[in-house]
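Examination of the molecular architecture
Single-letter residue listing:
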Amino acid sequence: MQYIIDGGVPLQGTVRISGAKNAILPLLAATVLASQKCLIHDAPALNDVAVMAEILRRLGASVRWLEDNGGRVLEVDPRHICVSEVPDDLVRQMRSSIFLMGPLLGRLGRVRVAYPGGCAIGPRPIDLHLRGLEVLGARIHERFGYIDAEATQLVGREVHLDFPSVGATENVMMAAVLAQGVTVIRNAAKEPEIVDLQNFLNHMGARIKGAGLDVIRVEGVERLGGAEYAVIPDRIEAGTLMVAAGITGGELLIDNCIPEHLDAITAKLRETGTFVEESTNRIHVRAADRLIAVDIKTLPYPGFPTDMQPQMMALLCLAEGTSIVTETIFENRFKHVEELRRMGAQIKTEGRTAVIRGVPMLSGAAVEATDLRNGAALILAGLASEGTTLVNGVSHVERGYEQLELKLAQVGARIRKSV
Ligand code: UD1
């Protein structure tokens, strides 16, 4: 499957942001801990969400989509969960299945999951997840490509993360919810998705404090109920569309977002000369007359998100001057560079640094998406290019953006999908 993009149209109009992929996946994993039905509003219909729903079904839950005033709601009934093995075929499709370790340990006292392995952006180890669970008393065996973990009763302890890993923070939080006593997670990740997970778990009766700060305190409880909850909007989708306005010389109103979650992106876009104005749940973006080069360094939240690095790099290809982009989170997140070069970008990389000399114009080419966010960057570059761009590998993009091509077309982009 590919996207065919005829570039050069300044995007104009309003786009509504969907629920956050990186929030709903841990929320769905957390439903394993519930003893009653959970309703999740604003759930995005993404491939990754479908995979997580299928995993939950195979564990014994019932999961279905409901309609509510035109919006979609995901209903999970976890009462009959009894299987502790996460199905291999689905683990291969989605790394986030590793999130199920903490909740399954909490609920059933054991879990077996295939080792998720690396991915397009680097090796992505899970040592911090496993060490955190071990501190809470899990016995972990890694053999023949599987991880087996068991614990009759997890016990609250101090967990110090060597790095504020988003996934490890979430996994340990979920394991700690039904543990005996108090768990304190130090050097925890501070991403908004962690706060969303805390709020969801607390709705079910958990006692968690501190998410959004670097120390999280989880007081174990005996049992969780169910919850009705609305997932936060996707800050990376919002950031991608902000860049879409800036890179095409257009003007967009980004509706249904939390501007505070986008502070680092807003600050950098303003430095490029792009006009950004925030209101309660909307952001108005108007392109700069001419883009100015800026330097970017990816960092854990509230720093500039690694998930926006490729998209921002696409924009900087067209900025006047030289920009330096430093990727500190993932080892191998420059695969878009070679593809952007095919479109006329001037980029040199050394290790984790890319030096981008802005050019006045990019030109359409056939390019290949190898992961979700680099696919988004190539689409953005295509929208701003002269001529036609073919982006192959769009299944990566569809894992994490809900109806991106439709949303872009609604604000004027000439983009279509072909099989
Ligand atoms: C989450 C996001 C992903 C985002 C990333 C960083 C989800 C579903 N995915 O991924 O979109 O790009 O945060 O913001 O929420 N690390 C270890 N050992 C571990 C765990 C992580 O060394 O046990 C390293 C990773 O290799 C990476 C860094 O820590 O270099 C950050 O990873 P982490 O924060 O865990 O990212 P994810 O939770 O996988």
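Residues numbered from 1 in each chain as written. Predicted model: local features only at pLDDT ≥ 70, side-chain atom pairs only at ≥ 80, totals over all residues. Heavy atoms only, no water.

**A few points about the packing of aromatic side chains**
Applying the stated criterion across every chain yields a total of one aromatic pair. Between the NZ or CZ atom of arginine 112 and the centre of the ring of tyrosine 146, over which it lies, the distance is 4.3 Å. The ring of phenylalanine 275 carries the charged tip of arginine 286 above its face, separated from the ring centre by 4.3 Å. (Phe/Tyr/Trp six-rings, centres within 6.5 Å; stacked < 30°, edge-to-face > 60°. Lys NZ or Arg CZ within 6 Å of the ring centre and 35° of its normal.)

**Looking at the pairing of strand β3 (residues 38-41)**
Bridge count for β3 against strand β5 (residues 71-77) is four bridges, and the pairing is antiparallel. Each residue of the ladder has a partner; that of isoleucine 40, found in β5, is leucine 74. Where β3 and strand β13 (residues 227-230) come together, four bridges link them in parallel fashion. Paired with histidine 41 across the two strands is alanine 230, which belongs to β13. (Pairing = 2+ DSSP bridges. Helix = DSSP H or I, 4+ residues; strand = E, 2+ residues; numbered from the N terminus.)

**Topic: the pattern of salt bridges**
As enumerated under the stated definition, the model contains 24 salt bridges in all. In this structure, the salt-bridge partner of glutamate 339 is arginine 342, at a minimum N-O distance of 3.3 Å. Here glutamate 339 pairs with arginine 342, and both are found in helix α11 (residues 335-342), just three residues apart, close to one helical turn. Assessed through its relative accessible area of 48%, arginine 342 is described here as partly exposed. Through salt bridges with shared partners, a single ionic network connects Glu54, Arg57, Arg58 and Asp89. (Salt bridge = Lys/Arg side-chain N within 4 Å of Asp/Glu carboxyl O. Buried < 20%, exposed > 50% of the residue type's maximum accessible area, 1.4 Å probe, protein only.)

**As for the domain arrangement of the protein chain**
Domain annotation of the protein chain identifies domain 1 (2-18 + 233-418) and domain 2 (21-230). Summed over both partners, the interface of domain 1 with domain 2 comes to about 1,800 Å²; 54% of that surface belongs to carbon and sulfur atoms. Three residues, Tyr301, Arg399 and Glu402, lead the burial of domain 1 against domain 2; their summed loss comes to 32% of the area buried on that side. Linking domain 1 with domain 2 are three salt bridges, by the criterion used here. Across the salt bridge formed by aspartate 48 and arginine 399, the nearest N and O atoms sit 3.1 Å from each other. Our enumeration of links across domain 1 and domain 2 arrives at six residue pairs in polar contact (both at pLDDT 80 or more). Residue composition of the side of domain 1 that touches domain 2, by class: seven nonpolar, six polar and eleven charged. (Domains from an automatic or database assignment. Buried area = accessible area lost by both parts, 1.4 Å probe. Polar contact = N/O pair within 3.5 Å; in protein donor to acceptor, adjacent residues only side chain to side chain. Nonpolar A, V, L, I, M, F, W, Y, C, P; charged D, E, K, R; others polar.)

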